[in-house]
Amino acid sequence: MNIGDKLRKARQALGQTQEQVAEAVGVSRQTVSNWETGRSLPDVLSVIRLSDLYGVSLDQLLKGDDTMLHHIEESTNTVKSRQRLARLLEVLSFLVVWAVCVAVFWLGGGSDAMGYSILVMYLVLPVTTFVCGLLMGLDTSWRERQWLFLLYFGVGYVLLPYGTFSAANMLTTGTFHLPEWQYILYGTVFAMQGLCLGSAIRWGRALRRSPGDKRRPLWVFGVVWGSTAFLLFSLHFYEFAALLLSAISPALGEVFVSHLRQVLGEALLFLHLAASGAAALWAGWRLEKDAAWAGKKWLALPLCGLAFLLGGGLGACLVPVGPAREPWLWPAAFCLGAALPGLGMALGRLRDRLRRQQNPRPNEKSD
């Protein structure tokens, strides 16, 4: 039996229409029809989604269909090649723009220091970093490894002024000094903004595509965390809008802009921590209830801890708030993030214990 007949029988056994299957898998109804009639073959990702949807193992779907196995092998190799190329372009795009900015400086663009700084440091590089981060966040092939590139963007922001203005100054004066490492924060913030938005969109799509997937609690946490983190790390855009407003209405002045930035930043940081904390607590609660996570649910603790370390730790430095310069900020953010899903699990376990005490099973009742 070919895979088309197997897919049709599995769908009919589940009692779903082709329209329902198409919506769950993320394709058109005609595509599902073509698969079932043998006019076309599904790609490997679609086969996996259909296997999960129908509750049929991949071995059952693919066994005995040599044509489908050959098609999957070819399509898998093609997809992997395209994914590698896409990841390479996402990383190198920032490097190419960075190199062009440095070249423009040494070719005479740095003669107007103010104009060059505004154009490059406040427009070209931030937009490039945001777009690269957004594309990396949307790309499912990274498997969350794109977050390691936050340091890559941060170092790029350090080396740009060091390779232009600082290098020119050192050549003129004959002195040497180290880079200004505080620029790492700028690159990391712009990259975080794009990564958070792209990842939140990607996790939201996964939620809609896979209603029965056991990872839904983590995806919900990711959507809440990423959405509120995007708002927080867009603080420089709000500040820019306030500067434009103060330019239109000079009576507002710089004090207004500074005060607005601080108040808004603290409010967004509180929103991010509160919403993410509630989502982490709920995720722990749900994971405790799901038997599919038995023995593995504790993996959520370091994941949430790292999320709070990035969102809360960097956010506190961005705003900044009082403890931003304290060395205990980063471990405190990690511990808070890891503790909240653990608390949710403990509450879920306590609820189950109370229910068992109130409604004991027959074999648990005393004689």
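Residues numbered from 1 in each chain as written. Predicted model: local features only at pLDDT ≥ 70, side-chain atom pairs only at ≥ 80, totals over all residues. Heavy atoms only, no water.

Please give an account of unusual backbone geometry that cites residues and values.
The amide bond that connects V319 to the next residue, P320, takes the cis arrangement and shows omega of -20 degrees. For P320, the position within the fold is in the loop between α13 (300-318) and α14 (329-358). Its identity is not glycine, yet R143 carries a phi of approximately 55 degrees, on the positive side. Among the structural elements, R143 can be located in the loop between α7 (113-138) and α8 (150-173). One non-glycine residue, E144, lies in positive phi territory at about 70 degrees. In this structure, E144 sits in the loop between α7 and α8. Judged by relative accessible area, E144 falls into the partly exposed class, the value being 32%. (Helix = DSSP H or I, 4+ residues; strand = E, 2+ residues; numbered from the N terminus. Buried < 20%, exposed > 50% of the residue type's maximum accessible area, 1.4 Å probe, protein only.)

Before we move on, can you summarise the nonpolar core with the specific residues and values?
In this structure, W147, L160, M192, F221, W225 and F233 are the most contacted members of the largest nonpolar core, which totals 48 residues. Apart from the residues within four sequence positions on either side, W225 is in contact with W147, M192, C196, W203, H272, S276, A307, F308, L310 and G311. Grouped together as the second largest cluster of nonpolar side chains are 16 residues, I3, L7, V21 and L61 included. (Core = buried A, V, L, I, M, F, W, Y, C linked by side-chain atoms within 4.5 Å. Contact = heavy atoms within 4.5 Å.)

Give a detailed account of the packing of aromatic side chains, specifying residues and quantitative values.
Considering all chains together, one arrives at 12 aromatic pairs under this definition. Centre to centre, the rings of F105 and W106 are 5.2 Å apart; their planes meet at 85 degrees, and the pair counts as edge-to-face. In this structure F105 comes out as buried when scored by relative accessible area, which is 9%. Each ring, one from Y116 and one from F165, has its centre 5.7 Å from the other, and the planes form 75 degrees; the classification is edge-to-face. With Y116 in helix α7 and F165 in helix α8, this residue pair connects regions lying 49 residues apart in the sequence. Judged by its relative accessible area of 5%, Y116 is buried. Ring pairing ties together the aromatic residues F94, W142, F149, Y152 and F153, which thus form one cluster. (Phe/Tyr/Trp six-rings, centres within 6.5 Å; stacked < 30°, edge-to-face > 60°.)

Summarise the side chain of S166; cite the residues concerned and give the values.
Note on placement: S166 falls in helix α8. According to the relative accessible area criterion, S166 is buried, its value standing at 11%. In this structure S166 touches P161 and H177, once residues within four positions along its chain are discounted.

Could you give me a rundown of the pattern of salt bridges, with the residues and numbers involved?
Side chains that carry opposite charge are capable of pairing whenever their charged atoms lie near each other. One pass over the full model with this rule turns up 9 salt bridges. Taking the shortest distance from any N to any O, the salt bridge between D213 and R215 comes out at 3.0 Å. Here D213 falls in the buried class, since its relative accessible area comes to 17%. Ionic contacts of the salt-bridge type, sharing partners, join the residues E288, K297 and R349 into one network. (Salt bridge = Lys/Arg side-chain N within 4 Å of Asp/Glu carboxyl O.)

Let's hear about the side chain of T129: which residues, and what values?
Along the chain, the position of T129 falls in helix α7. According to the relative accessible area criterion, T129 is buried, its value standing at 0%. Beyond its immediate chain neighbours, meaning those up to four positions away, T129 contacts F94, F153, Y157, G187, F190 and A191.

With reference to specific residues and values, describe the environment of R202.
Assignment of secondary structure puts R202 in helix α9 (residues 183-209). With residues up to four places along the chain from it excluded, the contact list for R202 reads G137, L138, D139, T140, E144 and Q146. Reaching out from R202, the side chain makes a polar contact with the backbone oxygen of G137 at a distance of 2.6 Å. Among the polar contacts made by the side chain of R202, one reaches the side chain of E144 at a distance of 2.7 Å. (Polar contact = N/O pair within 3.5 Å; in protein donor to acceptor, adjacent residues only side chain to side chain.)

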